[in-house]
Amino acid sequence: MLTRLAKAGLAATLSVTTLATGAVLATGATASAATADTPSASAQHVTVSQGGNYPGGFFTTGNMSVSWTVSGTTDLTGPTHITLDLPPGVTTDGAQFFPTPADYTFTTALSPDHRHLEAVFTATRAVGSYNFMKLNLATTPGVPIVGAITATVSNPNDTDPTGHISGYDLGSQTRLPATVQAAPAVTGLDTTTGPAAGGTAVTVSGSNLTNGMVLVGGLPAPGRCTDTTCTVTTPAGSGSAPVSVTTPGGTAAAPGAFGYTGTPPTPAAPALGTLYTTSGPVAGGTRVTVAGSNLTYGTVAFGGVPATHVSCGPTFCTATAPAGAQPGPVDLTVTTAGGTSAPVTYTYTA
């Protein structure tokens, strides 16, 4: 559980909105200049911020949050990659993330030294939506509490590299100038084939790959990136799968695909349980939550008509009902790679 410290003047909320010419990222990548407060050119855009009661002065422990906000013009979709880097002497025991309903997937990986954390958040989020993870911070006795805390965010559907990096300097207790990471480039893969069940170790080579997320067939591949390589493990898949790396600076495709051999395991079929909103006007627009199992990456339909703003995690889906043909009951179903669920009943009202 997070403990909130009463440190007047040390709590800070950092939001990346402006850019400084020629600044250098804490990760070591060279930043580029951009115009401050320019509207995003990307329909799907996500920005990162951080804030908290950081350790410093008399306080040797603290807590913080890393948040990501949808600021484009359409729903944010696909996997969003969040990273946190802590300076020497500062550590975390991991991230806490618990919004409800759980219509998303959220995974984290913490480095052995507890100074680097990566998270992948996969969901559909409307413009203006805000999500955050909380972290406890600890310090090492005898090590000065100095250096930068850096948080990043990236999403393969976001083509605007601004707003993706947030920095806070513990020594001066000030936010760092906003920066933009150089665009990534991918030059090759050391392994190009592997079993459909996944689990193949692959090294992706290139440049400006720091804080990257590797996608194989559109799915995140667990692992970690340096500036020149990403070492990951393939997810399950089939056929010829494109490979790309998404960083705070953008997305770069590999020059060749990864070829899956054999037949992938059959995903479990989706199953539905409780429908929390059972009726709504025939004009549509009702926000609906349904519980079940094996719902990840699902699509939702009302009487065979696709819903909009659909977001599915393993056990929950949320969706907005389309217009109905007429008042009365219809089947609500969820379809995944494992098939289509047995229906539950949703009723359109006049």
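Our subject in this report is the structure included herewith. (Residues numbered from 1 in each chain as written. Predicted model: local features only at pLDDT ≥ 70, side-chain atom pairs only at ≥ 80, totals over all residues. Heavy atoms only, no water.)

A word on the overall build of the protein chain
Piece 1. Counting its secondary structure elements, the protein chain contains zero helices and 32 strands.
Piece 2. Within the protein chain, buried positions represent 48% of all 350 residues.
Piece 3. For the protein chain, long-range pairs separated by at least 24 residues make up 67% of all intrachain contacts whose partners lie at least 6 apart in sequence.
Piece 4. Only carbon and sulfur atoms are counted for the fraction: they give 58% of the accessible area of the protein chain, which is about 14,900 Å². (Helix = DSSP H or I, 4+ residues; strand = E, 2+ residues; numbered from the N terminus. Buried < 20%, exposed > 50% of the residue type's maximum accessible area, 1.4 Å probe, protein only. Contact = heavy atoms within 4.5 Å. Areas by Shrake-Rupley, 256 points an atom, 1.4 Å probe, with all protein chains shown as cover.)

Observations concerning the pairing of strand β22 (residues 258-261)
Piece 1. Strand direction decides the pairing type here: strand β13 (residues 193-195) and β22, joined by three bridges, are parallel. What sits directly across from T193, in β22, is G259.
Piece 2. Where strand β19 (residues 240-241) lies against β22, two bridges are found, and the strand directions are antiparallel. When the sheet's bridge partners are listed, S240 is paired in β22 with G259. (Pairing = 2+ DSSP bridges.)

So, the nonpolar core
Piece 1. Ranked by internal contacts, the top residues of the largest apolar core, which has 27 residues, are M64, V66, W68, I82, L84, M133 and I149.
Piece 2. Only β2 (46-53), β3 (61-70), β4 (79-85), β7 (116-122), β8 (130-139) and β9 (148-154) provide two or more residues apiece to this core.
Piece 3. Looking at this core element by element, the count peaks at four residues for β3.
Piece 4. Residues in contact with V66, not counting those within four places in the same chain, are V48, S49, Q50, I82, L84, N131, F132, M133, L135 and A151. (Core = buried A, V, L, I, M, F, W, Y, C linked by side-chain atoms within 4.5 Å.)

Looking at the pairing of β7
Piece 1. Within β7, seven of the seven residues are buried, which leaves the element mostly enclosed by the surrounding structure.
Piece 2. Side chains H116, E118, V120 and T122 of β7 all project onto a buried face; the interleaved residues L117, A119 and F121 project onto the opposite face, where all are buried too.
Piece 3. Here β4 pairs with β7 via seven bridges, running antiparallel. Residue P79 lies in a different strand from β7, and its bridge partner there is T122.
Piece 4. Of the strand pairs in this sheet, strand β6 (residues 105-110) and β7 are connected by six bridges, and their pairing is antiparallel. Note on β7: the bridge partner recorded for F106 is F121.
Piece 5. Hairpin remark: β6 followed by β7, antiparallel, with five residues in the connecting loop; positive phi at H114, about 60 degrees.

Description of the sheet that holds strand β14 (residues 201-207)
Piece 1. Strand order in the open sheet formed by four strands is β12-β14-β18-β17, and the pairing between neighbours is antiparallel. Because the sheet does not close on itself, it has two edges, and the strands there are β12 (185-189) and β17 (223-225). Within this sheet the neighbouring strands show an average axis-to-axis angle of 20 degrees, counted without direction.
Piece 2. Both β14 and strand β18 (residues 229-233) contribute to a ladder of five bridges, which runs antiparallel. Of the residues in β18, the one forming a bridge with V202 is V232. (Axes fitted to C-alpha atoms, helices over the stretch in contact; angles between N-to-C directions.)

A short note on the side chain of D158
Piece 1. Within the secondary structure, D158 is located in the loop between β9 and β10 (165-169).
Piece 2. Buried within the structure, D158 lacks any salt-bridge partner; R125 is the closest side chain of opposite charge, at an N-O distance of 15 Å.
Piece 3. There is a polar contact of 3.1 Å between the side chain of D158 and the backbone nitrogen of V46.
Piece 4. Within the structure, the side chain of D158 is placed 3.0 Å from the backbone nitrogen of D160, a separation counted as a polar contact. (Lys, Arg positive; Asp, Glu negative; His and termini not counted. Salt bridge = Lys/Arg side-chain N within 4 Å of Asp/Glu carboxyl O. Polar contact = N/O pair within 3.5 Å; in protein donor to acceptor, adjacent residues only side chain to side chain.)

Overview of the sheet that holds β22
Piece 1. Taken together, three strands build an open sheet; the order of strands is β13-β22-β19 and the sheet is mixed. Two strands bound the open sheet, and with one partner strand each, they are β13 and β19.

What about the packing of aromatic side chains?
Piece 1. Within the structure shown, the criterion is met by 13 aromatic pairs.
Piece 2. Between Y54 and Y168, the ring centres sit 4.2 Å apart and the planes meet at 15 degrees, which makes this aromatic pair stacked. Separated by 114 residues along the polypeptide, Y54 in the loop between β2 and β3 and Y168 in strand β10 bring together distant segments of the chain.
Piece 3. Looking at Y54, the relative accessible area reads 2%, which means it is buried. (Phe/Tyr/Trp six-rings, centres within 6.5 Å; stacked < 30°, edge-to-face > 60°.)

Observations concerning empty space enclosed by the protein
Piece 1. Applying the stated criterion across every chain yields a total of one cavity of 30 Å³ or more.
Piece 2. For the largest cavity, the calculated volume is near 30 Å³.
Piece 3. The wall of the largest cavity is formed by V202, V204, V214, V216, V232, T234, V243 and F258.
Piece 4. Of all the secondary-structure elements, those providing two or more residues to the lining of the largest cavity are β14 and β15 (213-216).
Piece 5. In the lining of the largest cavity, the residues fall into seven nonpolar, one polar and no charged. (1 Å grid on protein atoms, 1.4 Å probe; cavity = no way out; pocket = protein on both sides within 12 Å on 5 of 7 lines; lining within 4 Å. Points joined across faces, edges and corners; volume = space filled by probe spheres on them. Nonpolar A, V, L, I, M, F, W, Y, C, P; charged D, E, K, R; others polar.)

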